[in-house]
Amino acid sequence: TLIDSSEKSLDLARKNGEENGVADLMEVRKGDVFPLLRALKIEGRKFGGVVLDPPKFGYSDASLPKALKAHRETARAAIDLLKEDGLLLSCSCNQSVGFDDLKETLKEAVLEARREAQILAELSAGPDHPEGVFCPETRYLSVILARVI
């Protein structure tokens, strides 16, 4: 199940699914992630893995509280959709939201869901997105892979 607000992104996902022979396994939903995640929960859907790769939730340090709240809420909604031992990949493309922030939002979401989780990996951008020595803002991608029990 793919959720995106961009029809162009969903068209690319559909094309990719067709080219890889998995289009019949894909469900595509266009819209805002929050109500669509709630709808999947109401439908009783469960998944072995959920990838949260949202657009930047905030554009400055001043918007950090709003961004952290959005990350926590999406993680919480995703946890409700995970089977036991499901994998959650939570991404942030905001240099203001670092690994510690992302881990804290995950911890809060796991506590709210009354579940347990283990962090399996902390990932960042690959070598094709190098971090400038004098420009820490170029380290903007934080990714947490967790198993939710």
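Up top is the structure these notes are about.
Let me sum up the structure you'll find in this document. Model, not experiment: these values are computed from the prediction.

All right, on to the pairing of strand E4 (residues 82-92) then. With 5 bridges joining them, strand E3 (residues 47-52) and E4 adopt parallel strand pairing. Each bridged residue has a counterpart across the sheet, and for Gly49 the counterpart in E4 is Leu87. Both E4 and strand E6 (residues 142-148) contribute to a ladder of 7 bridges, which runs antiparallel. Residue pairing in the sheet places Leu89 in a bridge with Leu145 of E6.

Let's shift gears to the nonpolar core. Counting 25 residues, the largest nonpolar core has Val50, Leu52, Ile79, Leu88 and Leu106 as the members making the most contacts within it. Residue assignment for this core shows that the elements contributing at least two residues are helix H2 (33-42), E3, helix H3 (64-81), E4, helix H4 (99-113) and E6. Aside from chain neighbours lying at most four places away, what touches Val50 is Ala78, Leu82, Leu87, Leu88 and Leu89.

To characterise two packed helices, one gives the angle between the axes of the helices and the distance between these axes. Relative to each other, H3 and H4 sit at 45 degrees, their axes nearing to 8 Å. By the angle between their axes, H3 is oblique relative to H4. Considering only the axes of H3 and H4, their crossing is right-handed. The residues of H4 that touch H3, namely those facing Leu68, His71, Arg72, Ala75, Arg76, Ile79 and Asp80, are Asp101, Leu102, Thr105, Leu106, Glu108, Ala109, Val110, Glu112 and Ala113. By residue class, the composition of the contact of H3 with H4 is 8 nonpolar, 2 polar and 6 charged.

In the structure shown here, the tally under the stated rule is 16 salt bridges. When the shortest N-O distance is used, the salt bridge between Glu112 and Arg76 registers 3.8 Å. Taken together, the residues span a long stretch of sequence, with Glu112 in helix H4 and Arg76 in helix H3 at a distance of 36 residues. The class for Glu112 is partly exposed, based on a relative accessible area of 40%. As a salt-bridge pair, Lys107 and Glu104 come within 3.5 Å of each other at their nearest N and O atoms. Of this pair, Lys107 and Glu104 both sit in helix H4, 3 residues apart, which is roughly one turn of the helix. We classify Lys107 as partly exposed; its relative accessible area is 46%.

What follows deals with the side chain of Ser90. Tracing the backbone shows Ser90 in strand E4. Ser90 has contacts with Leu52, Leu102, Ser142, Val143 and Ile144, leaving out every residue within four places of it along the chain.

Rules used throughout
- Residues numbered from 1 in each chain as written.
- Predicted model: local features only at pLDDT ≥ 70, side-chain atom pairs only at ≥ 80, totals over all residues.
- Heavy atoms only, no water.
- Pairing = 2+ DSSP bridges.
- Helix = DSSP H or I, 4+ residues; strand = E, 2+ residues; numbered from the N terminus.
- Core = buried A, V, L, I, M, F, W, Y, C linked by side-chain atoms within 4.5 Å.
- Buried < 20%, exposed > 50% of the residue type's maximum accessible area, 1.4 Å probe, protein only.
- Contact = heavy atoms within 4.5 Å.
- Axes fitted to C-alpha atoms, helices over the stretch in contact; angles between N-to-C directions.
- Parallel < 35°, antiparallel > 145°, perpendicular 65-115°, else oblique.
- Left-handed = near helix turned anticlockwise from the far one by under 90°.
- Nonpolar A, V, L, I, M, F, W, Y, C, P; charged D, E, K, R; others polar.
- Salt bridge = Lys/Arg side-chain N within 4 Å of Asp/Glu carboxyl O.

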